[in-house]
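# Working through the structure, step by step
The primary structure of each chain is shown beneath.
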Amino acid sequence: MFADLHLHTHFSDGTYTPEELVAQGQRHGLAVLALTDHDTVEGCAPMTAACKLAGMEFIPGTELTAEEGENELHILGYFLDTENAKLLAEIAKFQAVRQNRIREMVARLNAHQIPLRAEAVFELANCRSPGRPHVARAMVQGGHCATPDEAFQRFLRKDRPAWVPKFKVSAAHAIELIHQAGGVAVMAHPGLNRTDEVIPALAAAGLDGLECFHTKHSTSTTRRYLEVAEQHRLLVTGGSDCHGLSKGKPLIGTIKLPYEYVAKLKARAAEIQSKVGSRKPRGNVPS
Ligand code: AMP
Ligand code: FE
Ligand code: FE
Ligand code: ZN
């Protein structure tokens, strides 16, 4: 049995619907899927239904945008109570900031003679957690750029004319938010962030795991983080970070995490949930 614990749908910046994602998962012989859309849990309910129909195990999750010093880093949450009031209230703030940021990016594009409307971006995104990839796609749709990549290179990348910084919480706050919702907190793709120096502090702040297996980690990078995980007694996770068709080839199937890692994650979730007194059933396990 294999799992992919890092997946996106159109509820953030991926292109697949939950149903399409599940179909792809089945094609690649995966038995367990976790949904980790950016700063949202909006897709978890439809994913629960789609996985149930397909007889797959589903883990409700999210990928929170956090920062440590100057560096952006992403904290994955697994086995979350997706109806947790505090989690939903915080996520609503993240999303309001994302929506305002879209308006500001569009205003800057307008100042650069790109007559894009914020509503066009929101219509295209059609989710509560819009981001720069949606602005890029709307620019292509409006004929302002040939490709999303061109939109990023000319306008949306850091320090380009339409770039607007994003509000982020501290990593410690993200971990705490996940824990109080009964979830397990994992640092995403450490090999992409290059912020290894923060790992000891995050481990001390309660971080549960490290995403050692990731499509963009080389074999040696994976090996290094497996050592770091062992050193700090962190759980090991892995996922493809598939965004559907939005970043070229769909990545689902590139990481097949053996079930033993999922079992350990699940055991940690049970510990956390008994501590915070939340014993709601999460996701679904096919009988
Ligand atoms: P945001 O959260 O709104 O800042 O957008 C971040 C998303 O934009 C991530 O999913 C990135 O993978 C994507 N992204 C960042 N830079 C580029 C780029 N140069 N081309 C395409 N996508 C990018
Ligand atoms: Fe993304
Ligand atoms: Fe990420
Ligand atoms: Zn991701």
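Here goes a summary of the coordinates provided. The model shown is predicted, which means the values in this text are computed figures rather than measured ones. Counting restarts for each chain, with residues numbered from 1 along the sequence as it is written. Following the order in which they are written, the chains are lettered starting with A and the ligands numbered starting with 1. Only residues with pLDDT of at least 70 get local features here, since the model is predicted, and only at 80 or more are side-chain atom pairs given and counted; chain-wide, interface and lining totals rely on the full set of residues. Processing note: side-chain calculations cover all non-hydrogen atoms of the structure and skip hydrogens and water entirely.

### Comments concerning the packing of helix H3 (residues 85–111) against helix H7 (residues 171–180)
- Here H3 crosses H7 at 140°, and the two axes come no closer than 8 Å. When the axes of H3 and H7 are compared, the pair comes out oblique. In the crossing of H3 with H7, the sense of the turn from one axis to the other is left-handed. Taking contact as the criterion, the partners of Lys86, Leu87 and Glu90 in H3 are, on H7, His173, Glu176, Leu177 and Gln180.
- The classification used treats Ala, Val, Leu, Ile, Met, Phe, Trp, Tyr, Cys and Pro as nonpolar, Asp, Glu, Lys and Arg as charged, and all other residues, Gly among them, as polar. A per-class count over the contact of H3 with H7 returns two nonpolar, two polar and three charged. Axis definition: a line fitted to C-alpha atoms, over the contacting stretch in the case of helices. Angles run 0 to 180 degrees between N-to-C directions. Each helix is a run of H or I in the DSSP string that is no shorter than four residues. Each strand is a run of E no shorter than two, and both are numbered from the N terminus. Angles are sorted into four bins: roughly parallel if under 35 degrees, roughly antiparallel if over 145, roughly perpendicular if 65 to 115, and oblique for all others. Crossing handedness: left-handed means the near helix sits turned counterclockwise from the far one by under a right angle, and right-handed means the same turn made clockwise. Contact definition: two residues touch when any of their heavy atoms are within 4.5 Å.

### Side note on the coordination of the iron ion (ligand 3)
- Coordinating donors are taken as N, O and S atoms within 2.8 Å of the metal, stretched to 3.2 Å for Na, K and Ca; because water is absent from the atoms, sites can appear incomplete. Around the iron ion (ligand 3), the protein contributes the donor atoms Glu63 (OE), His74 (ND1) and His189 (NE2), which lie 1.9 to 2.3 Å from the metal centre.
- Along the chain, the residues that donate to the iron ion (ligand 3) are spaced as E-x10-H-x114-H.
- Exposure remark for His189: the relative accessible area of 6% places this residue in the buried category. When a residue's accessible area, from a 1.4 Å probe over protein chains only, is under 20% of the maximum for its type it is buried; when over 50% it is exposed; and in between it is partly exposed.

### Quick word on the state of the cysteines
- When two cysteine sulfur atoms are found within 2.5 Å, that pair is recorded as a disulfide. Applying the stated criterion across every chain yields a total of zero disulfides.
- For Cys44, which is in no disulfide, the shortest distance to another cysteine sulfur is to Cys51 and amounts to 10.0 Å.
- Cysteine Cys242 remains unbridged, with the sulfur of Cys51 as its closest cysteine sulfur at 14 Å.
- Cys242 gets classed as buried once you look at its relative accessible area, which sits at 0%.

### Some thoughts on the coordination of the zinc ion (ligand 4)
- Every protein donor of the zinc ion (ligand 4) is accounted for by His6 (NE2), His8 (NE2), Glu63 (OE) and Asp241 (OD), and the metal-donor separations fall at 2.1 to 2.3 Å.
- Angle rules define the geometry names used: all angles between 85 and 135 degrees makes four donors tetrahedral, while opposite donors over 155 degrees apart and all other angles between 65 and 115 make four donors square planar and six octahedral, leaving every other case irregular. Bound by four donor atoms, the zinc ion (ligand 4) shows angles of 79 to 166° at the metal and therefore irregular coordination geometry.
- Written as a sequence motif, the donor residues of the zinc ion (ligand 4) are H-x1-H-x54-E-x177-D.
- Taken as a pair, the zinc ion (ligand 4) and the iron ion (ligand 2) show a spacing of 4.8 Å. Of this pair, His6 sits in the loop between strand S1 (2–4) and helix H1 (18–27) while Glu63 sits in strand S3 (residues 57–68); the two residues are 57 residues apart in sequence, bridging distant segments of the chain.

### What about the pairing of strand S2 (residues 32–35)?
- Residues of S2 alternate between two faces, with Val32 and Ala34 on one and Leu33 and Leu35 on the opposite face, all of them buried.
- With H1 bridging S1 and the parallel S2, this β-α-β connection has right-handed handedness. Handedness of a crossover: with both strands directed away from the viewer, a clockwise path from the first strand across the helix to the second marks it as right-handed.

### Topic: helix H5 (residues 132–141)
- Among the residues of H5, those classed as buried are His134, Val135, Ala136, Ala138 and Met139.
- The elements touched by buried residues of H5 are H3, helix H4 (118–125) and helix H6 (148–156).
- Count one or two residues on from H5 and you reach Gly143, which has phi positive near 80°.

### Thoughts on the nonpolar core
- One finds Leu5, Ile75, Tyr78 and Leu210 to be the most contacted residues of the largest nonpolar core, which totals 63 residues.
- Once you skip the residues sitting within four places of it in the chain, Leu5 turns out to touch Ala34, Thr36, Ile59, Tyr78, Thr237, Gly238, Gly239, Leu257, Val262 and Leu265. Working definition of a nonpolar core: buried Ala, Val, Leu, Ile, Met, Phe, Trp, Tyr and Cys residues. They are joined through side-chain atoms within 4.5 Å.

### Quick look at the environment of Glu70
- In this structure, Glu70 sits in the loop between S3 and strand S4 (71–78).
- Considering only alpha carbons, one finds Glu70 and Thr195, 125 residues apart in sequence, at a separation of 9.9 Å.

### Section: the site of ligand 1
- Any residue with a heavy atom positioned within 4 Å of a molecule or strand is treated as near that molecule or strand. Taken together, 13 residues lie around ligand 1, and Asp13, Arg101, Arg132, Lys166 and Lys247 are the ones closest in.
- Two N or O atoms form a polar contact when they lie within 3.5 Å of each other; inside protein one atom must be a possible hydrogen donor and the other a possible acceptor, and for residues adjacent in sequence the pair counts only when both atoms belong to side chains. One of the side-chain N or O atoms of Arg101 is found 2.9 Å from an oxygen atom in ligand 1.
- In this structure, Arg132 approaches ligand 1 through a main-chain N or O atom, which is 2.8 Å from an oxygen atom.
- Here the open area of atoms and residues is found with the Shrake-Rupley method and a 1.4 Å probe, where only the protein chains shown may cover a residue. Here ligand 1 has 510 Å² of accessible area as a free molecule, and 74% of this is covered by the chains.
- Secondary structure elements with two or more residues in the shell around ligand 1: H3, H5 and H6.
- When residues of the shell around ligand 1 are assigned to their parent elements, the largest contribution, three residues, is made by H6.
- For the shell around ligand 1, a count of residues per class yields two nonpolar, four polar and seven charged.

### Let's talk about the pattern of salt bridges
- The salt bridge definition used is simple: a Lys or Arg side-chain nitrogen within 4 Å of an Asp or Glu carboxyl oxygen. Scanning the model with the defined rule gives 12 salt bridges in all.
- Among the ionic pairs, Asp39 bridges to Arg98, the shortest N-O distance being 3.0 Å. Within this pair, whereas Asp39 is found in the loop between S2 and helix H2 (44–54), its partner Arg98 is found in helix H3, the two being separated by 59 residues in sequence.
- We classify Asp39 as buried; its relative accessible area is 2%.
- Put simply, Glu67, Glu72, Lys166 and Lys168 are held in one network by salt bridges that share partners.

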